[in-house]
Amino acid sequence: MTSPQFLPGRARRTAVAAVATLTALGLLTACGYGSKSEDKAAPAAASPGGAKLSADTVKIGYFANLTHGTALVGLKEGLIQKELGGTRIKPQIFNAGPAEIEALNAGSIDIGWIGPSPAINGFTKSNGEALKIVGGSASGGVRLVVNPDKIKSVDDLKGKKIATPQIGNTQDVALLSFLAGKGLKVDASSGAGDVSVVRSDNKVTPDAYKSGSIDGAWVPEPTASKLVTLGAKELLNEKSLWPDKKFVITNIIVSQKFLKEHPDVVEAVLRGSVNTNAYIKANPEKAKEAANAAIKEAAGNALEPAILDPAWADIDFIDDPLATTLQKEADNAVTAGLLKLPKSSSAGAGATLNGIYDLTLLNKVLKEKSQAAVADAGLGTKQ
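The rules we used
- Residues numbered from 1 in each chain as written.
- Predicted model: local features only at pLDDT ≥ 70, side-chain atom pairs only at ≥ 80, totals over all residues.
- Heavy atoms only, no water.
- UniProt positions renumbered as here; feature names shortened; annotations may be inferred.
- Core = buried A, V, L, I, M, F, W, Y, C linked by side-chain atoms within 4.5 Å.
- Buried < 20%, exposed > 50% of the residue type's maximum accessible area, 1.4 Å probe, protein only.
- Helix = DSSP H or I, 4+ residues; strand = E, 2+ residues; numbered from the N terminus.
- Contact = heavy atoms within 4.5 Å.
- Pairing = 2+ DSSP bridges.
- Axes fitted to C-alpha atoms, helices over the stretch in contact; angles between N-to-C directions.
- Phe/Tyr/Trp six-rings, centres within 6.5 Å; stacked < 30°, edge-to-face > 60°.
- pLDDT = per-residue confidence, 0-100.
- Left-handed = near helix turned anticlockwise from the far one by under 90°.

The name given to the protein in an unreviewed UniProt entry is Aliphatic sulfonate ABC transporter substrate-binding protein, and the organism recorded there is Kitasatospora sp. CMC57. In its Sequence similarities (unreviewed entry) section, UniProt records this for the protein: "Belongs to the bacterial solute-binding protein SsuA/TauA family."

Here's what the structure looks like:
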């Protein structure tokens, strides 16, 4: 498990007293990819010339994963840089959400694409001071895939071993919540219970499946599709559990300091993101190729078509951050025992997330494009 991120001084001193505290077993961790390798910094993008905004450089963090396809395609195709003009992009690739949050807190990045659990954790641990979610990026791309010889229906899950990427990560919380809803009891800390929840780095999960040490996995793409190439079958697509089959898998966050000092830069990045999602929708094959090329540059290997094609097809790239689903994910973490509220709190789980969103600039961009505004589910004001 990736160690918790470190917080700046004031946030570190105030977090325990003021907001949600995490259980002794850990914290809400990475957005579902689970790699423990070192962070990889990409070279700064060359400036194309043109008008410079209020900052010379914007430092952008993201993962080399398909669920971060907006960042992969937007940077690879120059769609984000185009909106920034003479303000240069300095990209940095991460392998785990906590490390990205730590970098945001330290000022090593200004803006990042990240999953819901680390965004929730980074916000609550800092007493609401570290970050804001300023846009959406992706929905879906998570499946429960299983060994069809051992598991043919949900009723067969009892007594089986199911992997998730990390303790307390987005998929771990989703699996624990799903199992609880089926009356299956699991200790959130150890993973022991009616179903054995095995926390397994996504890089080793395929080998664990091949060896028979796990019977299935609740994982994001492309790991789910990789397991299918090894003989696993889809038992459940997480989309089926959500209204309209949509739930947040990737958000755009920004440090509050950078947002206050350089709103024009943040707006430009969001405009580039919106334009990128439109490009992906209009050119799905070209966008998929661009994302895979970016992954190859970062990781050294491209995804083979048998993995890339179904994985890409299962992800929806959208501008809406799907705020109501973020709140539900936080509530599920509380129910699972992975997130605790102060005993004095009487406002419910939502109180920990008040003020996590600032969608002002995103809605400005959407209005310019004659698109409907997106909502923050009442979580745009800190109370």
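Past the structure itself, the notes keep going.
**Q** Whenever I open this one, the nonpolar core confuses me. Can you help?
**A** Buried together is how nonpolar side chains tend to be arranged in soluble globular proteins. Counting 95 residues, the largest nonpolar core has Leu66, Val266 and Ile356 as its most contacted members. Sort the elements by how many residues they give to this core and helix α10 (residues 263-282) lands first, with seven residues. In this structure Ile356 touches Ala119, Ile120, Phe123, Leu131, Lys132, Ile133, Leu326 and Leu379, once residues within four positions along its chain are discounted. Counting residues in hydrophobic clusters, the runner-up holds 10 residues, among them Val145, Ala208, Ile214 and Val219.

**Q** Just to check I follow, could you spell out the sheet that holds strand β11 (residues 233-237) for this structure?
**A** Taken in spatial order, the five strands line up as β9-β8-β10-β7-β11 in an open sheet, and their pairing is mixed. The two strands at the open ends of the sheet, each matched to only one other strand, are β9 (196-199) and β11. Neighbour to neighbour, the strand axes of the sheet diverge by 25 degrees on average, direction disregarded. Alignment of strand β8 (residues 161-164) against strand β10 (residues 216-220), held across two bridges, turns out to be parallel. By the bridge assignment for β10, Ile162 is matched with Gly216.

**Q** Sorry if this is basic, but what is going on with the pairing of strand β3 (residues 57-63) here?
**A** Regular strands show a simple pattern: their side chains alternate between the two faces of the sheet. The buried fraction of β3 is high, at five of seven residues. Bridge count between β3 and strand β5 (residues 111-114): two bridges; the pairing is parallel. Across the sheet, residue Gly61 finds its bridge partner in β5, namely Gly112.

**Q** What am I meant to see in the packing of aromatic side chains here?
**A** Here the distance between the centres and the angle between the planes together describe a pair of aromatic rings. Counted according to the given criterion, the structure contains three aromatic pairs. Their ring planes at 50 degrees and their centres at 5.5 Å tell us that Phe178 and Trp218 sit as a pair that is tilted. With a gap of 40 residues between them, Phe178 in helix α6 (residues 170-181) and Trp218 in strand β10 connect regions that are remote in the sequence. The exposure class assigned to Phe178 is buried, which follows from its relative accessible area of 10%.

**Q** Can you walk me through the confidence of the model for the protein in this structure?
**A** With 84% of its residues at a pLDDT of 70 or more, the protein has an overall mean of 86. Taken together, the stretch residues 1-38 has pLDDT below 50 and engages in 127 contacts with residues farther than four places along the chain or on a different chain. In the model, residues 341-351 has pLDDT below 50 throughout and makes 13 contacts with residues more than four positions away in sequence or in other chains.

**Q** It is not clear to me how unusual backbone geometry should be interpreted in this structure. Could you clarify?
**A** The phi torsion of most residues other than glycine is negative, and most of the peptide bonds are trans. Of note, the amide linkage connecting Glu221 to Pro222 takes the cis form, showing an omega dihedral of 10 degrees. Here Pro222 shows up in the loop between β10 and α8 (223-229). Phi is positive for Asn127, close to 60 degrees, though the residue is something other than glycine. With respect to the helices and strands, Asn127 occurs in the loop between α5 (116-125) and β6 (131-140). For Asn127, a relative accessible area of 17% translates into the label buried. Notably, Asp244 is not glycine yet its phi reads approximately 60 degrees, a positive angle. For Asp244, the location among the structural elements is in the loop between β11 and β12 (248-255).

**Q** Any chance you could explain the packing of α6 against helix α13 (residues 323-336) here in plain terms?
**A** The relative placement of two packed helices comes down to the angle between their axes together with the axis-to-axis distance. Following both chains from N to C, one finds α6 and α13 inclined at 65 degrees, their axes separated by 9 Å at the closest point. For the pair α6 and α13, the crossing hand works out as left-handed. Contact residues: α6 offers Thr170, Val173, Leu176 and Ser177, while α13 offers Glu329, Asn332, Ala333 and Ala336.

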